[in-house]
Amino acid sequence: MNINVGAKLQARKQRQKQQQAKLNLVSLMDIFTILVFFLLVNSSDVEVLQSDKTIKLPESTSQQKPEMTTLVRVNNRQLFVGERLVARIEDIDAGAEQIAPLRKELDYLAQRAGSLPQDKQAAGRAVTIMGDEQVPYRLLKQIMQTCAAADYRDMAFAVSQTAAEEIAATGQGADS
């Protein structure tokens, strides 16, 4: 009887080995092929800047894509270069032509980046200014003058892209 039970157990194990599920690679390859094409088609070259809840960007209908550059962020309370807090707005001298802490940080970044290639020296280094739509022009002018003095003359402003139809519908076109 023991032999019979042992033989039954061995026969059962043998059947289980033969009945093991096999992986259907054709279906798996089809899924991955579709996934690759989906990701290729839906990947876009849109530059996504880090969001800052304290900054409400102005809207624009421009179709030109931004480049990755040094980012200067300003809201009604603080001024940042990248992630680094450079100055508080209340500490900035409104009568000064430049913002000293911003100039110091931009000079430091330029020194770390090294000298510009010959073909880019005329335009200067690139910088993107991300400013809240409520930031006064006086402060933006100071920021731009400081950037230009630090050889960051290729300036761009970050905006929220909207369709031209949306701007016309809200009455905020180029006329206002």
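Residues numbered from 1 in each chain as written. Predicted model: local features only at pLDDT ≥ 70, side-chain atom pairs only at ≥ 80, totals over all residues. Heavy atoms only, no water.

Caption draft 1: Looking closely at helix H3 (residues 100-113). Taking 1.5 Å per residue, 14 residues should reach 20 Å; H3 reaches 20 Å between its end C-alpha atoms and fits that length. Regarding H3, the residues found buried are Leu 102, Glu 105, Leu 106 and Ala 110. Mapping the buried residues of H3 onto a view down its axis gives an arc of 135°, with all of them on the same face. Residues of H3 that are exposed and point over 90 degrees away from its buried face: Ala 100, Lys 104, Gln 111 and Arg 112. Summarising the contacts, the buried residues of H3 are in contact with strand S2 (70-74), strand S3 (78-81), strand S4 (84-88) and helix H4 (137-149). (Helix = DSSP H or I, 4+ residues; strand = E, 2+ residues; numbered from the N terminus. Expected span 1.5 Å × (residues − 1). Buried < 20%, exposed > 50% of the residue type's maximum accessible area, 1.4 Å probe, protein only. Arc of directions from axis to C-beta. Contact = heavy atoms within 4.5 Å.)

Caption draft 2: Quick peek at the packing of aromatic side chains. Taken as a whole and judged by the stated rule, the model has zero aromatic pairs. A cation over an aromatic ring shows up here: Arg 73 above the ring of Phe 80, its NZ or CZ 4.4 Å from the ring centre. (Phe/Tyr/Trp six-rings, centres within 6.5 Å; stacked < 30°, edge-to-face > 60°. Lys NZ or Arg CZ within 6 Å of the ring centre and 35° of its normal.)

Caption draft 3: Representation of the sheet that holds S2 in the model. Strand order in the open sheet made by the five strands is S4-S3-S2-S5-S6, with mixed pairing throughout. With partners counted over all chains shown, the strands left at the sheet margins are S4 and strand S6 (154-157), one partner each. Pairs of neighbouring strands in the sheet enclose a mean axial angle of 20°, with direction left out of account. Alignment of S2 against S3, held across three bridges, turns out to be antiparallel. Counterpart to Val 72 in the pairing with S3 is Val 81. Sheet strands touched by H3: S2, S3 and S4. Its angle to S4, the strand with the most contacts, is close to 155°. (Pairing = 2+ DSSP bridges. Axes fitted to C-alpha atoms, helices over the stretch in contact; angles between N-to-C directions.)

Worth remembering: the numbers are spatial, not functional.
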